[in-house]
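The chain contents come next:
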Amino acid sequence: MDRSDCKILLLNPPAAAIGGLLQEAGFPVEVLETDIPSQLPAGIVARVAAAAPRIVMVGRADATSAHPAIAELIRLIKAALPAVAIVYSGAFPAYHWRS
């Protein structure tokens with residue numbers, strides 16, 4: 001796979017340093033800030049679709065309280081962009097992977 005053809009979109013990664021590492025490895029990375037209380041999920045999904053990524057990475061450093069909102073957002077993104085790969089990281093998927 002040619003890395004320059006694999007555009008990656010990170011959602012709300014201010015606490016995640018992975019964006020810099022991906023850029024250093026030659027991946028085109030864009031950051032979409034979604035942790036704004038007034039944003040509705042439909043608006044976030046529209047912005048994700050407009051970015052046209054092949055991979056969407058979502059991560060949270062805080063505990064499981066954000067999981068329901070993230071899970072719903074992932075469901076909506078996947079419905080709008082069925083071919084996109086979604087990577088979900090953080091406390092909830094790491095500690096609750098069985099569920």
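Here the structure is a predicted model, which means the values were calculated and not measured. (Residues numbered from 1 in each chain as written. Predicted model: local features only at pLDDT ≥ 70, side-chain atom pairs only at ≥ 80, totals over all residues. Heavy atoms only, no water.)

## Focus on the overall build of the protein
Then step 1. The helix and strand inventory of the protein stands at 4 helices and 4 strands.
Then step 2. From first element to last, N terminus to C terminus, the protein shows the α and β order β-α-β-α-β-α-β-α.
Then step 3. Residues classed as buried in the protein amount to 30% of the 99 residues present.
Then step 4. Sequence separation of at least 24 residues holds for 55% of the intrachain contacts in the protein that already meet a minimum separation of 6. (Helix = DSSP H or I, 4+ residues; strand = E, 2+ residues; numbered from the N terminus. Buried < 20%, exposed > 50% of the residue type's maximum accessible area, 1.4 Å probe, protein only. Contact = heavy atoms within 4.5 Å.)

## Digging into the environment of Ser 4
Then step 1. With respect to the helices and strands, the residue Ser 4 is situated in the segment before strand S1 (8-11).
Then step 2. We classify Ser 4 as partly exposed; its relative accessible area is 46%.
Then step 3. Expressed as a C-alpha distance, the spacing of Ser 4 and Ala 25, which sit 21 residues apart in the sequence, is 9.8 Å.
Then step 4. Each residue touching Ser 4, except ones within four places of it in the same chain, is listed here: Gly 26 and Pro 28.

## Let's talk about the pattern of salt bridges
Then step 1. If you walk through the whole model with that rule in mind, you get 2 salt bridges.
Then step 2. Between Glu 30 and Lys 7 there is a salt bridge, and its shortest N-O distance comes to 3.3 Å. Of this pair, Glu 30 sits in strand S2 (residues 29-32) while Lys 7 sits in the segment before S1, and the two are 23 residues apart along the sequence.
Then step 3. Accessibility expressed as a relative area gives 32% for Glu 30, which makes it partly exposed.
Then step 4. Between Glu 72 and Arg 75 there is a salt bridge whose closest N-O contact spans 2.7 Å. (Salt bridge = Lys/Arg side-chain N within 4 Å of Asp/Glu carboxyl O.)

## Quick notes on the environment of Leu 22
Then step 1. Position of Leu 22 relative to the elements: it lies in helix H1 (residues 18-24).
Then step 2. You can call Leu 22 buried: its relative accessible area is 14%.
Then step 3. In sequence terms Leu 22 and Ile 8 are 14 residues apart; their C-alpha atoms lie 8.7 Å from each other.

Note that all results are geometric; they support no functional claim without further evidence.
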